[in-house]
Amino acid sequence: MLINKDMKMVEVIHMNHHLLHVINRFGIQLGFGEKSVEVVCKEHQVDLNFFLDLINTYHNRSYFPLQNLLKIKANMLVDYLHKTHQYYLEFKVPEIESYIDRLLSDNVLEEESKQLLSDFFQQYKAELTQHIQIEETMVYPYAIALEKYLKQKISKEELTGYLKKYSIAEYEEEHGDIEEKLFDLKNIIIKYLPAPRDSRLLNVILHDLFELELDLNNHCHIENMILVPIVEEMEKALSETP
Ligand SMILES: [Fe+2]
Ligand SMILES: [Fe+2]
């Protein structure tokens, strides 16, 4: 069942509490009372259709309203993607890291296993951070600049600076798979670490890695399937302007 505008926000959370992080990215926090999705979105000046389409892609993995999502404004989409990056770097990754630190100071695993896990995680964190930095400093500003220029909010000169730096075709080609290493990290824990004296902390880490992977899958899918075509469309419009 998909989430609709007339459902109460409290029902949405009871139905799928994993959506809370996604809802937060729209600037919406807990304390919904009896308000419906529509009312909460209105109060926070959030585009209702974008909100529903997006949270439903998380809620139901087989739901992906491509044509609706392609109509979204670049600045709205980039804002959402940016907040997702913040969630990864400021919350989720530090949370996993704090569990790993706790594990390193515990005696539940042998030294060698602790080191392997720690090294692999640090490599993954560096890779994810670099991936996000490229998007935040090059891809997203480029998309915003293109939209502003087409709406005549910035001059051709201002846009030219961005055009020299980037094209979306380059991004599409280079957009790396940041879930692959995460999959390897999960497998190290599931398959190769010798059985610890107490698995509980490892189970929590594993659970968090699965959650991060699901979120990243959705995030990357939106970048590839929605952001790239929206920017391509703007590049086309730009080439047709005199
Ligand atoms: Fe991203
Ligand atoms: Fe990405």
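Because the structure is predicted, anything quoted here is derived from the model rather than measured.

### A look at the overall build of the protein
Across its full length, the protein holds eleven helices and zero strands. Scanning the protein from its N terminus toward the C terminus, one meets helices and strands in the order α-α-α-α-α-α-α-α-α-α-α. Overall, the protein is about 70 × 50 × 25 Å in size when its C-alpha atoms are taken along their principal axes. Counting only residues that meet the buried cut, the protein has 22% of its 242 residues in that class. A separation threshold of at least 6 residues defines the contact pool for the protein, and within that pool the share at least 24 residues apart is 77%.

### Points about the packing of helix H7 (residues 111-150) against helix H11 (residues 200-240)
Remark: H7 packs on H11, axes separated minimally by 10 Å, with the N-to-C direction vectors making an angle of 40 degrees. Considering the angle they form, H7 stands oblique to H11. For the crossing formed where H7 meets H11, the hand is left-handed. Every residue of H11 that contacts H7 at Ala143, Leu146, Glu147 and Leu150 is listed here: Leu227, Val231, Met234, Glu235, Ala237 and Leu238. Residues of the contact of H7 with H11, tallied by class, amount to eight nonpolar, no polar and two charged.

### Brief notes about the domain arrangement of the protein
The domain boundaries assigned to the protein delineate domain 1 (9-68) and domain 2 (70-240). Look at where the C-alpha atoms of domain 1 and domain 2 centre, and you get two points 21 Å apart. For the side of domain 1 that touches domain 2, the secondary-structure elements that each account for two or more residues are helix H4 (48-59) and helix H5 (66-69). Take the side of domain 1 that touches domain 2: its biggest share by element is four residues, from H4. Residues of the side of domain 1 that touches domain 2, tallied by class, amount to four nonpolar, four polar and two charged.

### Regarding the packing of H7 against helix H10 (residues 180-192)
Direction vectors running N to C along H7 and H10 enclose 165 degrees, while the axes themselves pass 10 Å from each other. When the interaxial angle is binned, H7 and H10 end up roughly antiparallel. At the point where H7 passes H10, the crossing takes the left-handed sense. On H10, the residues that touch Leu116, Leu117, Phe120, Phe121, Tyr124 and Glu127 of H7 are Lys181, Leu182, Leu185 and Ile188. Grouping the amino acids of the contact of H7 with H10 by side-chain chemistry returns eight nonpolar, no polar and two charged.

### A closer look at the environment of Gln29
Checked against the element boundaries, Gln29 lands in the loop between helix H2 (20-24) and helix H3 (37-43). Since 10 C-beta atoms lie within 10 Å of it, Gln29 is described here as exposed. Sequence-wise, Gln29 and Leu52 are 23 residues apart; in three dimensions their C-alpha atoms are separated by 16 Å.

### Looking at the environment of His44
Secondary-structure assignment places His44 in the loop between H3 and H4. Residue His44 is classed as partly exposed on the basis of its C-beta count, with 13 C-beta atoms lying within 10 Å. As for His44 and Gln29, which are separated by 15 residues in sequence, their C-alpha atoms are 9.9 Å apart. Setting aside anything within four residues of it in sequence, one finds His44 in contact with Phe26, Gly27 and Ile28.

The rules we used
- Residues numbered from 1 in each chain as written.
- Chains lettered and ligands numbered in written order.
- Predicted model: local features only at pLDDT ≥ 70, side-chain atom pairs only at ≥ 80, totals over all residues.
- Helix = DSSP H or I, 4+ residues; strand = E, 2+ residues; numbered from the N terminus.
- Buried ≥ 20, exposed ≤ 12 C-beta atoms within 10 Å, placed from the backbone.
- Contact = placed C-beta atoms within 7 Å.
- Axes fitted to C-alpha atoms, helices over the stretch in contact; angles between N-to-C directions.
- Parallel < 35°, antiparallel > 145°, perpendicular 65-115°, else oblique.
- Left-handed = near helix turned anticlockwise from the far one by under 90°.
- Nonpolar A, V, L, I, M, F, W, Y, C, P; charged D, E, K, R; others polar.
- Domains from an automatic or database assignment.

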